[in-house]
Amino acid sequence: MVLSVCIPVFNFDVRSLVSDLKKQIEADEISAEIILIDDASDASYKKTNHLLQNEGNQFIFLEKNIGRSRIRNLFQKYAAGEYLLFLDCDGKITAENFIKKYTDFIQKNPEAKVIYGGRSVLGAVPDHENYLRWKFAVERENLPVGLRLDKPYLSFQTNNFIIKKDTFEKVCFNPDFQKYGYEDLLFAMDLKSENVKIDHIDNTILNNDLESNAVYLEKVAESVESLAKMLKDESLKAKLAEVKLVRLYNQLPLKSVMRFFLSDTMLLGVKKKLLKGAVNLRYLDLYKLGLLMKNMK
């Protein structure tokens with residue numbers, strides 16, 4: 001077995017994603033398996049996805065939610081492949097040679113240990129109510145390979161990457177952080193500290209889940225809370241110093257004065273502006289900074 005395709009599932013219908021993967025595996029005669037672990041989804045999604053168990057896939061259903069980091073680590077227990085391909089459950093494959101592009105890269109670069117393919121979103125501009133997450137992805141996340149290579153660790157995301165199994169056994173996700181946010185950057189910085197190179201290629205997967213501004217801002221608040229928890233751990237603080245939000249926080253000369261200006265009232269005003277969707281992302285930066293200062297008290 002060359003490749004284990006690993007898909008953590010939570011409250012999403014993954015039938016189309018699995019079907020597309022199986023078609024490519026069979027068409028290109030790739031030695032691969034598909035493993036899915038459901039992190040205690042709602043009953044309706046479990047029922048929808050349960051049929052995939054009858055199609056030759058490993059599908060493990062957890063009774064209790066264990067979080068984004070631990071569920072990824074859990075795949076080590078079930079994967080037989082030399083390489084693990086992690087995909088988010090809300091991803092959609094748009095290229096016919098998606099898996100083959102990864103295996104071809106590995107054949108040409110057998111020393112590769114971690115490979116990130118990138119992400120994309122729908123080209124159509126959504127309405128204002130669903131605009132903020134899309135805008136952030138387009139302007140900040142969906143970088144072309146050339147720009148990602150400039151900052152290979154900071155540009156890494158967990159939605160679409162391959163890692164060699166023996167590397168993952170040495171450097172896995174920090175299990176202390178179960179909530180949404182910054183676990184991908186912490187993992188990347190752990191790889192950096194172990195001198196594990198991250199290769200970047202142009203092999204994107206489409207993010208197929210359109211989030212409303214309100215839902216996205218809830219996730220932003222959760223992610224900043226996770227980041228603050230990481231920064232309070234002295235063993236992790238230095239690893240995250242390159243993260244943009246952390247750099248902004250560390251550069252503030254008078255944090256007490258900034259706390260006054262970034263009061264709850266002001267943060268509420270910034271949030272209301274962000275909920276409208278069509279705003280400059282500097283407002284989002286300001287909102288995150290205010291939340292971080294609040295969580296670092």
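Refer to the structure above for everything that follows.
Residues numbered from 1 in each chain as written. Predicted model: local features only at pLDDT ≥ 70, side-chain atom pairs only at ≥ 80, totals over all residues. Heavy atoms only, no water.

1. Overview of the packing of aromatic side chains
Logical step 1: Evaluation of the coordinates by the stated rule reveals 15 aromatic pairs.
Logical step 2: Look at Phe98 and Tyr102: their rings are 5.6 Å apart centre to centre, the planes differ by 80°, and that puts the pair in the edge-to-face class. Within this pair, Phe98 and its partner Tyr102 are both found in helix H4 (residues 98-108), separated by four residues, close to a single helical turn.
Logical step 3: Judged by its relative accessible area of 0%, Phe98 falls in the buried class.
Logical step 4: Between Tyr131 and Trp134, the ring centres sit 5.6 Å apart and the planes meet at 35°, which makes this aromatic pair tilted. A residue pair is termed a helical-turn pair when its members lie 3 or 4 positions apart in one helix, as Tyr131 and Trp134 do in helix H5 (residues 131-141) at three residues. The pair formed by Tyr131 and Trp134 is uniform in burial state, with each residue classed as buried.
Logical step 5: Sitting above the plane of the Phe173 ring, Arg72 keeps its charged end 5.4 Å from the centroid.
Logical step 6: The positively charged end of Lys219 is found above the aromatic ring belonging to Tyr180, 5.3 Å away from the centroid. (Phe/Tyr/Trp six-rings, centres within 6.5 Å; stacked < 30°, edge-to-face > 60°. Helix = DSSP H or I, 4+ residues; strand = E, 2+ residues; numbered from the N terminus. Buried < 20%, exposed > 50% of the residue type's maximum accessible area, 1.4 Å probe, protein only. Lys NZ or Arg CZ within 6 Å of the ring centre and 35° of its normal.)

2. Re the sheet that holds strand E5 (residues 91-92)
Logical step 1: Strands sit in the order E5-E10-E7 across an open sheet of three strands; the sheet is mixed. Both edges of this open sheet fall to E5 and strand E7 (119-120), since each of them pairs with a single strand only.
Logical step 2: Note: E7 against strand E10 (residues 205-207), two bridges, orientation parallel. Its bridge partner lying in E10, Arg119 is registered against Ile205. (Pairing = 2+ DSSP bridges.)

3. Some words on the nonpolar core
Logical step 1: Judged by nonpolar contacts, the single largest core of 33 residues is most densely connected at Leu227, Leu240, Leu274, Leu284, Tyr287 and Leu292.
Logical step 2: At the level of elements, H5, helix H8 (183-193), helix H9 (213-231), helix H11 (244-251), helix H13 (264-275) and helix H14 (282-295) are the ones that each hand at least two residues to this core.
Logical step 3: It is H9 that provides the largest number of residues to this core, a total of eight residues.
Logical step 4: If we ignore the near neighbours within four places in the chain, the residues touching Leu284 are Phe136, Tyr216, Leu217, Val220 and Leu274.
Logical step 5: Within the second largest apolar cluster, 30 residues are counted, among which are Phe12, Ile30, Leu36 and Phe105. (Core = buried A, V, L, I, M, F, W, Y, C linked by side-chain atoms within 4.5 Å. Contact = heavy atoms within 4.5 Å.)

4. What about the pairing of strand E1 (residues 3-9)?
Logical step 1: Along E1, seven of the seven residues are buried, which leaves the element largely enclosed by surrounding structure.
Logical step 2: Here E1 shows a buried face lined by Leu3, Val5, Ile7 and Val9 and a second buried face lined by Ser4, Cys6 and Pro8.
Logical step 3: In this sheet, strand E2 (residues 32-38) lies alongside E1 in parallel orientation, the contact comprising seven bridges. For Val5, the partnering residue across the bridge sits in E2 and is Ile34.
Logical step 4: The parallel pair E1 and E2 is bridged by helix H1 (residues 15-27), and the resulting crossover is right-handed.
Logical step 5: Two strands pair when backbone bridges link them, and E1 and strand E4 (residues 83-87) are joined in this way by four bridges, in the parallel orientation. Residue pairing across strands places Ser4 opposite Leu84, the latter belonging to E4. (Right-handed = clockwise from strand over helix to strand, strands pointing away.)

5. Concerning the environment of Glu96
Logical step 1: Counting through the fold element by element, Glu96 comes out in the loop between E5 and H4.
Logical step 2: On the accessibility criterion, Glu96 (74% relative accessible area) is exposed.
Logical step 3: Sequence spacing of Glu96 and Glu169 is 73 residues, and the spatial spacing of their C-alpha atoms is 31 Å.
Logical step 4: Aside from chain neighbours lying at most four places away, what touches Glu96 is Gln24 and Asp28.

6. Considerations on unusual backbone geometry
Logical step 1: Positioned with a positive phi, Asn11 is a non-glycine residue whose angle comes to about 50°.
Logical step 2: Mapped onto the elements, Asn11 comes out in the loop between E1 and H1.
Logical step 3: Residue Glu29 is not a glycine yet carries a positive backbone phi of 50°.

7. Topic: the pattern of salt bridges
Logical step 1: One pass over the full model with this rule turns up 17 salt bridges.
Logical step 2: We note a salt bridge from Lys100 to Asp104, for which the minimum N-O separation is 3.0 Å. Placement of both Lys100 and Asp104 in helix H4 is noted, with a separation of four residues, approximately one turn of the helix.
Logical step 3: You can call Lys100 partly exposed: its relative accessible area is 32%.
Logical step 4: Between Glu141 and Arg133 there is a salt bridge; the shortest N-O distance is 2.9 Å.
Logical step 5: Salt bridges sharing common partners tie together Arg119, Arg133, Glu141, Glu211 and Lys219. (Salt bridge = Lys/Arg side-chain N within 4 Å of Asp/Glu carboxyl O.)

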